[in-house]
Amino acid sequence: MTWVLACLVLLLSPRVEARTTRGIASRPKTVLGSTAMHILTHLRAQGHSHYYQHQQQQQLAKSQRNMFLSCNAATTKDADRYGPNPGRVTIMGAGSFGTSLAISAASKGHNVTLLVRRQELADSINNRRSHPRFKDIVLNGEKIHATTDYETAFTPQPDLIIHAIPVQASRVFLKSVRPYLPKSTPIVSCSKGIEVASQSLMHEVINETLSEGGETVPPLAFISGPSFADEVSRGKATALVVASEDSRMARRVAAMLASERLRTYATTDVVGVEVGGALKNVIALAAGIAEGLQLGMNARSAIVTRGCYEMRRLGLLLGAKQGTLTGLAGFGDTFGTCFGPMSRNRITGERIGRGEKIEDIQASMSQVAEGVPTARALIKLIRNTDKSYRVDLKYPIIFGVADILDGVRTPREGFQDVMRDPLRMEMYELRDRTELADLERRGARLRQRG
């Protein structure tokens, strides 16, 4: 049938003319009748469709083959101990996200040890196969075990260690567990925020704590992205970013955590992943406050967008890459935290907007809203890092949230002040782009010094 149509096209193509362009003879162009043109268009469309389908199949097969080779690197000569095959994982902290990662890792076949503080929690996990925060989920008794003993948690030596302790408690905890940590096992941090006392990101906290006394710091990686613990624990589709300065290790850790329900991406931009994970909680507080004040979706959308601009500005200044900030670990995580019904930070902000005191809110919560201490730490970090004029005008969302938390302004006064800010160019205009390019150069210099 195809040959018949092709012959018909040729019969209906009565003449050929050559054209020249700027004195250069071009290929002869066939002038077709309308009927022939329709037939030829159909043939091309059909051919292109088959061609693109074939290309997509080839690309999919290639990506699967590459992933297979990457994920099975443990069989190669230079294979390290943390490959994708089922292994041993120790998770320090049995909060909501630590437990959800334990459930996810166990479903992939890994043997998981949860290091917890309280013996009654360990007994509940080991004997009743339940966790107080996941009462309707039965934990895998063959794959998940809990302990309060440091030595037991790291014996035999695990293939991967996950740090799931809140940021503000991490330094003290790491000092206590340091003598028991294997020096060759990678530590993956999923803690999001900035330490108030030092204004340090988690990679700085871990490096400073574990290197005391000249000790060797194990390989480090950091994960972030839009990931509500309840959905991860239930096997809902989730995508995360694994960051490590060693790209090879980032890919291996990503392969070890990945499953059919958990998609992982690798990057070397540790600062970008951490800045995104910290600032999104503060932006979520602002979005929640706007919701508590019943300002409407227009206001919430504007607050989140301008908050993302502040994340972008500070991130570039600290040495992050712009692509990371606009990806899953930055804007992606921000959207989920600001609009998701399970977001602790958004709920905290909403209660503040309704008039509740932050002390009463925190006393009533069983989990930590990291955005509260992070907002206060960010003010010090910005003042120490961004030396431009009137930084409060460049970060009105962050400064506004901190003032509301400290009682300097009421929630309504805070948003009124934002609306009264001087008029300026929007972030995508040329003037602002030039300023951001300058920030990116300054951030690159900071990376080189570091």
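Overview of the structure. (Residues numbered from 1 in each chain as written. Predicted model: local features only at pLDDT ≥ 70, side-chain atom pairs only at ≥ 80, totals over all residues. Heavy atoms only, no water.)

Considering the overall build of the protein
Then, number 1: Assigned secondary structure in the protein consists of 20 helices and twelve strands.
Then, number 2: Burial analysis of the protein (450 residues in total) assigns 48% to the buried set.
Then, number 3: A separation of at least 24 residues holds for 70% of the contacts in the protein among residues at least 6 apart in sequence.
Then, number 4: For the protein, the accessible area works out to roughly 23200 Å², and carbon and sulfur atoms hold 53% of it. (Helix = DSSP H or I, 4+ residues; strand = E, 2+ residues; numbered from the N terminus. Buried < 20%, exposed > 50% of the residue type's maximum accessible area, 1.4 Å probe, protein only. Contact = heavy atoms within 4.5 Å. Areas by Shrake-Rupley, 256 points an atom, 1.4 Å probe, with all protein chains shown as cover.)

Examining the packing of helix 6 (residues 167–177) against helix 7 (residues 202–210)
How two helices pack is summed up by the angle between their axes together with the distance between the axes.
Then, number 1: Two elements in contact, helix 6 and helix 7, have axes separated by 9 Å at closest approach and are oriented at 20°. One way to sum up the angle between helix 6 and helix 7 is to call them roughly parallel. Note that helix 6 runs across helix 7; the crossing there is right-handed. Contacts from Val167, Ser170, Arg171, Leu174 and Lys175 of helix 6 reach helix 7 at Met202, Val205, Ile206, Glu208, Thr209 and Leu210.
Then, number 2: Among the residues forming the contact of helix 6 with helix 7, the class breakdown is six nonpolar, two polar and three charged. (Axes fitted to C-alpha atoms, helices over the stretch in contact; angles between N-to-C directions. Parallel < 35°, antiparallel > 145°, perpendicular 65-115°, else oblique. Left-handed = near helix turned anticlockwise from the far one by under 90°. Nonpolar A, V, L, I, M, F, W, Y, C, P; charged D, E, K, R; others polar.)

Describing the pairing of strand 11 (residues 238–243)
Then, number 1: Counting buried positions along strand 11 yields six of six residues, so the element is predominantly enclosed.
Then, number 2: Here strand 11 runs beside strand 12 (residues 262–267); their pairing, made up of six bridges, is parallel. Across the sheet, Thr238 pairs through a bridge with Leu262, a residue of strand 12.
Then, number 3: Considered for its hand, the β-α-β crossover made up of strand 11, helix 9 (residues 247–257) and strand 12 is right-handed. (Pairing = 2+ DSSP bridges. Right-handed = clockwise from strand over helix to strand, strands pointing away.)

Let's talk about the side chain of Thr185
Then, number 1: Structurally, the position occupied by Thr185 is in the loop between helix 6 and strand 9 (187–189).
Then, number 2: A distance of 3.0 Å separates the side chain of Thr185 from the side chain of Gln157, its partner in a polar contact.
Then, number 3: A polar contact of 3.0 Å, which involves the side chain of Thr185, links it to the backbone oxygen of Pro158. (Polar contact = N/O pair within 3.5 Å; in protein donor to acceptor, adjacent residues only side chain to side chain.)

Let's talk about the nonpolar core
Then, number 1: Counting 48 residues, the largest nonpolar core has Val275, Leu279, Leu378, Tyr395 and Leu405 as its most contacted members.
Then, number 2: Every element with two or more residues in this core is listed here: helix 10 (270–292), helix 11 (297–318), helix 13 (328–339), helix 15 (358–364), helix 16 (371–385) and helix 18 (396–405).
Then, number 3: Among the elements that line this core, the one with the most residues is helix 10, at twelve residues.
Then, number 4: By size, the runner-up hydrophobic cluster in this structure holds 35 residues, among which are Ala102, Ile103, Ala105 and Leu257. (Core = buried A, V, L, I, M, F, W, Y, C linked by side-chain atoms within 4.5 Å.)

Remarks on helix 3 (residues 96–107)
Then, number 1: An ideal rise of 1.5 Å per residue puts 16 Å on twelve residues; helix 3 measures up with 17 Å between its terminal C-alpha atoms.
Then, number 2: Looking at helix 3, one finds that the buried residues are Ser96, Phe97, Gly98, Thr99, Ser100, Leu101, Ala102, Ile103, Ser104, Ala105 and Ala106.
Then, number 3: Downstream of helix 3 by one or two residues, Gly109 has phi in the positive range, about 110°. (Expected span 1.5 Å × (residues − 1).)

A few points about the pattern of salt bridges
Then, number 1: Enumeration over the complete set of coordinates arrives at 18 salt bridges.
Then, number 2: Here the residues in one salt-bridge network are Glu291, Arg300, Arg346, Glu350 and Arg354, joined through shared partners. (Salt bridge = Lys/Arg side-chain N within 4 Å of Asp/Glu carboxyl O.)

A few points about a nonpolar patch on the surface
Then, number 1: A cluster of nonpolar residues, Met297, Phe335 and Phe339, forms a patch on the protein surface that exposes about 290 Å² of accessible area.
Then, number 2: Within the secondary structure, Phe339 is located in helix 13. (Patch = residues over 30% accessible without salt bridge, like charges linked within 9 Å, V, L, I, M, F, W, Y side chains within 5 Å.)

Quick look at empty space enclosed by the protein
Then, number 1: Applying the stated criterion across every chain, the model contains two cavities of 30 Å³ or more.
Then, number 2: Taken as a whole, the largest cavity spans an internal volume of roughly 80 Å³.
Then, number 3: Lining the largest cavity we find Ala286, Ile289, Ile303, Pro396, Ile397, Gly400, Val401, Ile404, Gly414, Phe415 and Val418.
Then, number 4: Those elements that provide at least two residues to the lining of the largest cavity are helix 10, helix 18 and helix 19 (411–419).
Then, number 5: Broken down by element, the residue count for the lining of the largest cavity peaks at five residues, all from helix 18.
Then, number 6: Across the lining of the largest cavity, the residue classes break down as nine nonpolar, two polar and no charged. (1 Å grid on protein atoms, 1.4 Å probe; cavity = no way out; pocket = protein on both sides within 12 Å on 5 of 7 lines; lining within 4 Å. Points joined across faces, edges and corners; volume = space filled by probe spheres on them.)

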